[in-house]
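Coordinates in review
Read off the chains here:
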Amino acid sequence: MTRQRAQDDKAITALKSLLGQRLSLSKSDLALHGRSESYFAPMLPDAVAYPQSTEEVSKLVAICAAHELPVVAWGTGTSLEGHSLAVRGGVVVDFSRMARLVALRPEDMDVTVQPGLTREALNEELRATGLFFPVDPGANAALGGMAATRASGTTAVRYGTMRDNVLALEVVLADGRVIRTGTRARKSAAGFDLTGLMVGSEGTLGLITELTLRLHGQPEAISAGVCAFPDMGAAVAAVTDTIQLGLPMARIEFLDAASAAAVNAYAGMDLPLLPHLLLEFHGSEAAVAEQSRLFGEIAADHGALGFDWSVKPEERKALWAMRHNAFYAILATRRGARAVVTDICVPISRLAEAVEATQADIAAGTIPGPILGHVGDGNFHAVLLIDESRPEELEEARALSDRMVRRALALGGTTTGEHGVGMGKLGFMTAEHGDGWQVMGDIKRALDPKNILNPGKLVPQGD
């Protein structure tokens, strides 16, 4: 038995003493927590822990630090760049049993929650308050995971990302210390922004055990609509004009023709096989009616094929259910396929160029790759469908993804708008950040000198 294996066994024994039956070594649990939503091969942890309090997380991490056993946080496992995979084994910390709403303060429009609470569960608890939490990445992700990956989604164009909606955190550091970052005040000039540092750190700097979140008022009225355009350039031009006019869009999403065909087949829709915009406006009844009318005029100026909009809740829900299920609709177009899902983000003025170049790149290859995204903030996704039994298809998909990233950087954009870095985008961090990436590594080493927190992700890999 190697020295490290002996150390790992001692750590597992100590964790078993701490958590009892809430430390699982079962094959089914390890398999469940060893797979990803995307193309990464399974990577099984040595154990899965189910803590119920910050105190338990602190003790757990201290044990792992003493024995240099890796620790990987797990929310719902919906991340797409391998963030939650145990690359070097160790313990996956599943926060599903830390899922309480701790304190709601309607008068201050904020809420404190545990990390395992999902965004849908939070909004269900907020229904009677007139408030809601707006960040909507599509998947019913855990709020701790959303903060760790700096998630955004369909509503970011109006309400911002997790970066804009996390006020304060409780975090367990790599040595077991518990710190609180930020306050409930709406602004502060007191020292480093440790909350901002932790949001988006992908579990490499600490484990989030509590979040204080900004809430927003539920709008009096909501209108939603959809329209088709002759090409991507016309759709983006309509969005640009809408933004410049100052229309306060709550959501503005894009589907290419291939995505439209997929949702038609999956959801029984009859969208024209053209690029589409899906929109939503929030405000008073008069305001959303006026905003919808004005957008209809802008869309018509850019050759849109009509603009159908509605304030009926059931029709709005059907529209956004279609958008949120677009990934599964696309996946269903190729039986047995696995998806390589990648995202980039560019300045809106370069979005049409980036999408059209990506479409041409995909068309020149052999694998399908419908495109959809958040046109209001220049972020889009390609869902590259591969047959796992053909390694050459994975190679082609990864090459396509790499070219997308290089194109985004050349256009003044970023390697990832919302999926994060994880393992999948490590190779492009120097190109985007230069020496700044080494500074991220310096921060990692200062806070986690033994490199036990989610090793193999986000930062330079020095060991």
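Provided above is the structure to which this section pertains.
Here goes a summary of the coordinates provided. (Residues numbered from 1 in each chain as written. Predicted model: local features only at pLDDT ≥ 70, side-chain atom pairs only at ≥ 80, totals over all residues. Heavy atoms only, no water.)

In this section: the pairing of strand β17 (residues 371–374). Alternating positions in β17 separate into two faces, Ile371 and Gly373 on one and Leu372 and His374 on the other, with burial throughout. With four bridges joining them, β17 and strand β18 (residues 379–386) adopt antiparallel strand pairing. Looking at β18, one finds that Leu372 is bridged to His381. What sits between the antiparallel neighbours β17 and β18 is a turn of four residues, in which Gly378 has the positive phi angle 75°. (Buried < 20%, exposed > 50% of the residue type's maximum accessible area, 1.4 Å probe, protein only. Helix = DSSP H or I, 4+ residues; strand = E, 2+ residues; numbered from the N terminus. Pairing = 2+ DSSP bridges.)

Attention now moves to empty space enclosed by the protein. The final tally for this structure, using the stated rule, is one cavity of 30 Å³ or more. Around the largest cavity, the lining residues are Arg35, Ser36, Glu37, Trp74, Gly77, Ser79, Gly82, His83, Ser84 and Leu85. Class assignment for the residues of the lining of the largest cavity results in two nonpolar, six polar and two charged. (1 Å grid on protein atoms, 1.4 Å probe; cavity = no way out; pocket = protein on both sides within 12 Å on 5 of 7 lines; lining within 4 Å. Points joined across faces, edges and corners; volume = space filled by probe spheres on them. Nonpolar A, V, L, I, M, F, W, Y, C, P; charged D, E, K, R; others polar.)

Membership of the largest hydrophobic core comes to 48 residues, with the highest contact counts inside it found for Phe229, Leu277, Phe295 and Val375. Per element, the largest residue contribution to this core is six residues, and it comes from helix α9 (residues 232–245). If we ignore the near neighbours within four places in the chain, the residues touching Phe295 are Cys227, Thr242, Leu247, Leu277, Leu279, Phe281 and Phe307. Counting 26 residues, the second largest nonpolar core, distinct from the first, contains Ala151, Met198, Leu211 and Leu213. (Core = buried A, V, L, I, M, F, W, Y, C linked by side-chain atoms within 4.5 Å. Contact = heavy atoms within 4.5 Å.)

The next point concerns the sheet that holds strand β12 (residues 221–228). Taking strand neighbours across the sheet as the criterion, the seven strands line up as β15-β12-β14-β13-β17-β18-β16 in an open arrangement whose pairing is antiparallel. Unpaired on one side and paired on the other, β15 (305–310) and β16 (338–345) mark the two borders of the sheet. Taken pair by pair, the neighbouring strands of this sheet meet at an average axis angle of 15°, ignoring direction. Pairing of β12 with strand β14 (residues 276–283) involves eight bridges; the strand directions are antiparallel. Paired with Ala228 across the strands is His276, a residue of β14. α9 rests against β13 (249–255) and β14 of the sheet, and its axis sits at about 170° to β13. Its contacts with the sheet place helix α14 (residues 351–363) against β13, β17 and β18, and it is angled at close to 10° to β18. (Axes fitted to C-alpha atoms, helices over the stretch in contact; angles between N-to-C directions.)

Let us now look at helix α3 (residues 54–67). Spanning 14 residues, α3 covers 20 Å between terminal C-alpha atoms, matching the ideal 20 Å at 1.5 Å per step. Counting buried positions over the 14 residues of α3 gives 10, a clear majority of the element. Looking at α3, one finds that the buried residues are Thr54, Glu56, Val57, Ser58, Leu60, Val61, Ile63, Cys64, Ala65 and His67. (Expected span 1.5 Å × (residues − 1).)

As a further point, take the side chain of His381. Note on placement: His381 falls in strand β18. Judged by its relative accessible area of 7%, His381 is buried. A polar atom in the side chain of His381 sits 3.4 Å from the side chain of His374. Ignoring anything within four residues of it in the chain, the contact list for His381 reads Thr342, Asp343, Pro370, Ile371, Leu372, Gly373, His374, Glu418 and His419. (Polar contact = N/O pair within 3.5 Å; in protein donor to acceptor, adjacent residues only side chain to side chain.)

Turning our attention to the pattern of salt bridges. Under the definition given, this model contains 27 salt bridges. Arg127 is paired through a salt bridge with Glu124; the nearest N and O atoms lie 3.2 Å apart. Among the ionic pairs, Arg163 bridges to Asp164, the shortest N-O distance being 3.8 Å. On the accessibility criterion, Arg163 (59% relative accessible area) is exposed. Given the relative accessible area of 32%, Asp164 is considered partly exposed. Linked through salt bridges whose partners overlap, the residues forming this network are Arg119, Glu120, Asp136, Arg251 and Glu280. (Salt bridge = Lys/Arg side-chain N within 4 Å of Asp/Glu carboxyl O.)

Strand order in the open sheet formed by five strands is β5-β6-β10-β8-β9, with antiparallel pairing between adjacent strands. Strand pairing shows two members of the sheet lacking a second neighbour, β5 (101–105) and β9 (178–182), which therefore form its edges. Sheet twist, expressed as the average angle between the axes of neighbouring strands with direction ignored, equals 15°. Where β5 and strand β6 (residues 110–113) come together, four bridges link them in antiparallel fashion. Pairing of Arg105 across the sheet is with Asp110, part of β6. Along the sheet, α3 makes contact with β8 (166–172), β9 and β10 (207–214), crossing β8 at roughly 50°. Its contacts with the sheet put helix α4 (residues 119–126) on β5, β6 and β10, and the angle it makes with β5 is roughly 45°.

Applying the stated criterion across every chain yields a total of five aromatic pairs. Ring plane angle 25° and centroid distance 4.4 Å describe the contact between Tyr39 and Phe40, whose orientation is recorded as stacked. For Tyr39, a relative accessible area of 14% puts it in the buried group. Given the relative accessible area of 9%, Phe40 is considered buried. (Phe/Tyr/Trp six-rings, centres within 6.5 Å; stacked < 30°, edge-to-face > 60°.)

Despite not being glycine, Asn451 shows a phi value in the positive range, around 55°. Within the secondary structure layout, Asn451 lies in the segment after α17 (435–447). At Leu458, a residue that is not glycine, the phi angle is positive and equals roughly 65°.

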